[in-house]
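As a plain string of letters, each chain reads:
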Amino acid sequence: MAGEGAPAVLASEYRGRPGAVLARLQALYPKLIDLSLGRLEALLARLGNPERHLPPVVHVAGTNGKGSTCANLRAIAEEAGWRVHVMTSPHLVDVTERFRVAGRLVTEDALVEVLEEVERVNDGAPITVFEVLTAAGFLLFSRNPADLVVLEVGLGGRLDASNVIPSPHMCVITPISLDHQAFLGDTLEAIAAEKAGIIKQGVPVVTAPQQPEALAVIREKAVAMNAPLYVVGQDITVSDTVDGLVYRDALGVLPLPRPGLLGTHQALNSAGAIAALRHSGLAVPEAAYAGIAKAVWPARLQSLHGTLAQLLPEGWELILDGGHNPGAGAALARVMTGWNDQPIHVIAGVKQSKDVGGFLEPLLESATSVWAVSEPGQHMATSVDEVIAASGGRAKAGPTVREALLALSEQAQAENVGRVVPPARVLVCGSLYLAGVVLQQDGWVAQ
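All figures in this text were calculated on a predicted structure; none of them were measured in a lab.

K.L.:
So what exactly am I meant to see when it comes to the overall build of the protein here?
P.N.:
Scanning the protein from N- to C-terminus turns up 14 helices and 17 strands. Within the protein, buried positions represent 59% of all 447 residues. Across the protein, every contact between residues at least 6 apart in sequence was considered, and the portion connecting residues at least 24 apart equals 76%. For the protein, the exposed area adds up to about 17600 Å²; of that, 53% sits on carbon and sulfur atoms. The protein carries 33 positive and 45 negative side-chain charges, and their two centres are separated by 4 Å.

K.L.:
Is there a simple way to explain the sheet that holds strand E10 (residues 245–249) in this structure?
P.N.:
Pairing between sheet strands relies on hydrogen bonds along the backbone, with the strands arranged either parallel or antiparallel. A sheet is described by the order of its strands in space; here 3 strands give the open sequence E9-E10-E11, paired in antiparallel fashion. Of all the strands in the sheet, the pair left with one neighbour each is strand E9 (237–240) and strand E11 (252–256). The mean inter-strand angle of the sheet, taken between neighbouring strand axes irrespective of direction, is 20°.

K.L.:
I tried to follow the layout of surface pockets on my own but got confused; where do I start?
P.N.:
Taking a probe equal in size to a water molecule and rolling it over the atoms shows the remaining empty space. Here the second largest pocket defines a volume of roughly 520 Å³. Taken together, 30 residues form the lining of the second largest pocket, with Arg-100, Val-296, Trp-297, Pro-298 and Trp-444 sitting closest to its centre. Looking at which element gives the most residues to the lining of the second largest pocket, the answer is helix H3 (residues 66–79), with 3 residues. Grouping the constituent residues of the lining of the second largest pocket by class yields 18 nonpolar, 7 polar and 5 charged.

K.L.:
I would appreciate a short explanation of helix H5 (residues 129–142) in the present structure.
P.N.:
Because each turn of an α-helix spans 3.6 residues, side chains separated by three or four positions in sequence point in the same direction. The first and last C-alpha atoms of H5 sit 20 Å apart over 14 residues, in line with the 20 Å expected at 1.5 Å per residue. Most of H5 sits out of view: 13 of its 14 residues are buried.

K.L.:
Mind showing me how you'd approach the sheet that holds strand E15 (residues 369–372) here?
P.N.:
Reading across from one edge, E12-E13-E17-E14-E15-E16 is the order of the 6 strands in this open sheet, with mixed pairing throughout. The open sheet terminates on both sides in strands that have one partner only, identified here as strand E12 (302–304) and strand E16 (396–397). Direction of pairing for strand E14 (residues 344–348) relative to strand E17 (residues 425–429): parallel, over a ladder of 5 bridges. Following the sheet pairing, Ile-347 is matched in E17 by Val-428.

K.L.:
I keep staring at the packing of helix H4 (residues 108–122) against H5 and nothing clicks. Help me out?
P.N.:
Axis angle and axis distance: for two packed helices, these are the angle between their axes and the distance between the axes, and together they describe the pair. The interhelical angle for the contact between H4 and H5, taken along N-to-C directions, is 115°, at an axis separation of 9 Å. Crossing of H4 against H5: the hand is right-handed. Each of Ala-110, Leu-111, Val-114, Leu-115, Glu-117 and Val-118 in H4 lies in contact with H5, whose residues at this interface are Val-132, Leu-133, Ala-135, Ala-136, Leu-139 and Leu-140. Of the residues contributing to the contact of H4 with H5, the split by class is 11 nonpolar, no polar and 1 charged.

K.L.:
Honestly, the packing of helix H7 (residues 188–195) against helix H8 (residues 212–224) in this entry has me stumped. Any pointers?
P.N.:
Running from N to C, H7 and H8 cross one another at 35°; their axes reach a closest spacing of 8 Å. Crossing of H7 against H8: the hand is right-handed. Judged by residue contacts, Leu-188, Glu-189, Ala-192 and Ala-193 of H7 engage Glu-213, Ala-214 and Val-217 from H8. Across the contact of H7 with H8, the residue classes tally to 5 nonpolar, no polar and 2 charged.

K.L.:
Sorry if this is basic, but what is going on with the pairing of strand E2 (residues 84–87) here?
P.N.:
Both faces of the sheet carry side chains from a regular strand, because those side chains alternate between them. Of the two faces of E2, the one holding Val-84 and Val-86 and the one holding His-85 and Met-87 are both buried throughout. Sheet topology note: the E2/strand E5 (residues 148–152) ladder contains 4 bridges and is parallel. Residue pairing in the sheet places His-85 in a bridge with Val-149 of E5. Both E2 and strand E3 (residues 99–101) contribute to a ladder of 2 bridges, which runs antiparallel. Residue pairing for E3: Met-87 is matched across the bridge by Phe-99.

K.L.:
What's the story with empty space enclosed by the protein in this structure? I'm lost.
P.N.:
Applying the stated criterion across every chain yields a total of 3 cavities of 30 Å³ or more. Considered as a void within the structure, the largest cavity measures approximately 50 Å³ in volume. Looking at the largest cavity, the residues that line it are Thr-69, Val-172, Ile-173, Thr-174, Pro-175, Val-206, Thr-207, Ala-208, Leu-268, Asn-269 and Gly-272. Among the elements of the structure, strand E6 (170–173), strand E7 (205–207) and helix H9 (266–278) are those that each provide at least two residues to the lining of the largest cavity.

K.L.:
What exactly am I supposed to notice about the environment of Ser-162 here?
P.N.:
The residue Ser-162 is located in the loop between E5 and E6 in this model. If we ignore the near neighbours within four places in the chain, the residues touching Ser-162 are His-59, Thr-134, Phe-138, Leu-151, Glu-152 and Val-153. Here His-59 takes part through its side chain, which lies 2.9 Å from a polar atom of the side chain of Ser-162.

K.L.:
How should unusual backbone geometry be read in this particular structure?
P.N.:
Residues other than glycine predominantly adopt negative phi, and peptide bonds predominantly adopt the trans conformation. For the peptide bond that leads from Ser-89 to Pro-90, omega is -5°, which places it in the cis range. Secondary-structure assignment places Pro-90 in the loop between E2 and E3. With omega at -10°, the peptide bond leading from Gly-398 into Pro-399 counts as cis. One can find Pro-399 in the loop between E16 and helix H13 (401–415). Its identity is not glycine, yet Ala-299 carries a phi of approximately 65°, on the positive side. Mapped onto the secondary structure, Ala-299 falls in the loop between H9 and E12. The exposure class of Ala-299 is buried, given its relative accessible area of 0%.

K.L.:
Is there a simple way to think about the pattern of salt bridges in this case?
P.N.:
Where charged atoms of side chains with opposite charge meet at close range, the side chains can pair. Counting across every chain of the model gives 12 salt bridges. Arg-83 is the partner of Asp-147 in a salt bridge, and the nearest nitrogen-oxygen pair spans 3.6 Å. Note that Asp-147 is positioned in the loop between H5 and E5 and Arg-83 in the loop between H3 and E2, a separation of 64 residues in sequence. Note on Asp-147: relative accessible area 29%, which makes it partly exposed. Of the charged contacts in the structure, one is a salt bridge between Glu-194 and Arg-158, with a shortest N-O distance of 3.1 Å. Placement of Glu-194 in helix H7 and of Arg-158 in the loop between E5 and E6 is noted, with a sequence separation of 36 residues between them. Counted as one network, the salt bridges with shared partners bring together Glu-317, Asp-341 and Arg-425.

What counts as what
Residues numbered from 1 in each chain as written. Predicted model: local features only at pLDDT ≥ 70, side-chain atom pairs only at ≥ 80, totals over all residues. Heavy atoms only, no water. Helix = DSSP H or I, 4+ residues; strand = E, 2+ residues; numbered from the N terminus. Buried < 20%, exposed > 50% of the residue type's maximum accessible area, 1.4 Å probe, protein only. Contact = heavy atoms within 4.5 Å. Areas by Shrake-Rupley, 256 points an atom, 1.4 Å probe, with all protein chains shown as cover. Lys, Arg positive; Asp, Glu negative; His and termini not counted. Charge placed at Lys NZ, Arg CZ, Asp CG, Glu CD. Pairing = 2+ DSSP bridges. Axes fitted to C-alpha atoms, helices over the stretch in contact; angles between N-to-C directions. 1 Å grid on protein atoms, 1.4 Å probe; cavity = no way out; pocket = protein on both sides within 12 Å on 5 of 7 lines; lining within 4 Å. Points joined across faces, edges and corners; volume = space filled by probe spheres on them. Nonpolar A, V, L, I, M, F, W, Y, C, P; charged D, E, K, R; others polar. Expected span 1.5 Å × (residues − 1). Left-handed = near helix turned anticlockwise from the far one by under 90°. Polar contact = N/O pair within 3.5 Å; in protein donor to acceptor, adjacent residues only side chain to side chain. Salt bridge = Lys/Arg side-chain N within 4 Å of Asp/Glu carboxyl O.

By themselves these figures say nothing about function.
Have a look at this one:
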């Protein structure tokens, strides 16, 4: 299964030389639905089972906060001086963003080399692009020395391609909410059961605070697998102080700086990452946990300063977030509540099949204005009219991000003739696919 959308990753979403290989492989997409890991397991066996020859693995599943948790895990480990492999999905602009090999983004040459090897070994057998990418990541990681692998689930958990890992060192489950119901089920219990499918026999698991019905499913799975369970908010707490955060668990108290990632919810994401490493049995120096202050992750309340940002009046902020489901909308709404010192203009573009109204509803109370957009390059974008309808008629047609930004700027200038335009914030949100288009237009390059 894949990232934000359907389990079939479209090769048309990829650019450059890796995209050419993936376009060929797209033709091998299985004609019959096979909800198992057998296809990938057979391919990996022919590749020499690279998934069994990795450094210690932290496996991360959940609905919201997976990427941020992975970013915190990486930041802590690198603060300890460790070399870290990271596999995440989806990418925003370029497929190379999915693979960080011993601390560095994979080069296009290295990625093409392993993709062509996977293609050759697969020898025309049915396979999905996401399975190919997962196999390529395992090959890269098995052939380059490192101290830790941070592995993000694409979709679900139980049947996700990443779940071929036989025995990770630690499992993490981030907040679960309704998303991907067509593939995971239409209740929190059903979705939680899919996410909890990453829990392995005897492997410790950390979970973020969950709704009671989701937590009950996770706890039942952990008991069945004899897996020690640590629950943020119960076994683990984190609180704000004037100087930063204070983390507490059975191992003691950690005073910490504020997370590098913005938003009140990032304290909990940081706590999950810290707990995962503290209870993993790995020798992480206590001072390394301050690495959360250095965590970076694009399209998570990311401030933009490039081409698009320059369309706005001086002093205005342009902020990008890839949140796209009701849980993410609620988290953004809490952030917006703290932005009450300035007007907030929301520009939203949501992927088809998402709960557009459920995402937008929490945002409307704090929004000065709402603009509906559908970018030409935004994969499976909901139409502008549908976004407007989901907002209860509140939103105006952008109809693109650039046009919405220009309209906001012109409106502000017209309302303040002869005066300095007062500051405001513009939040672009609703889809990781939209975020990718916006980053590309703004001139962002992954580091």
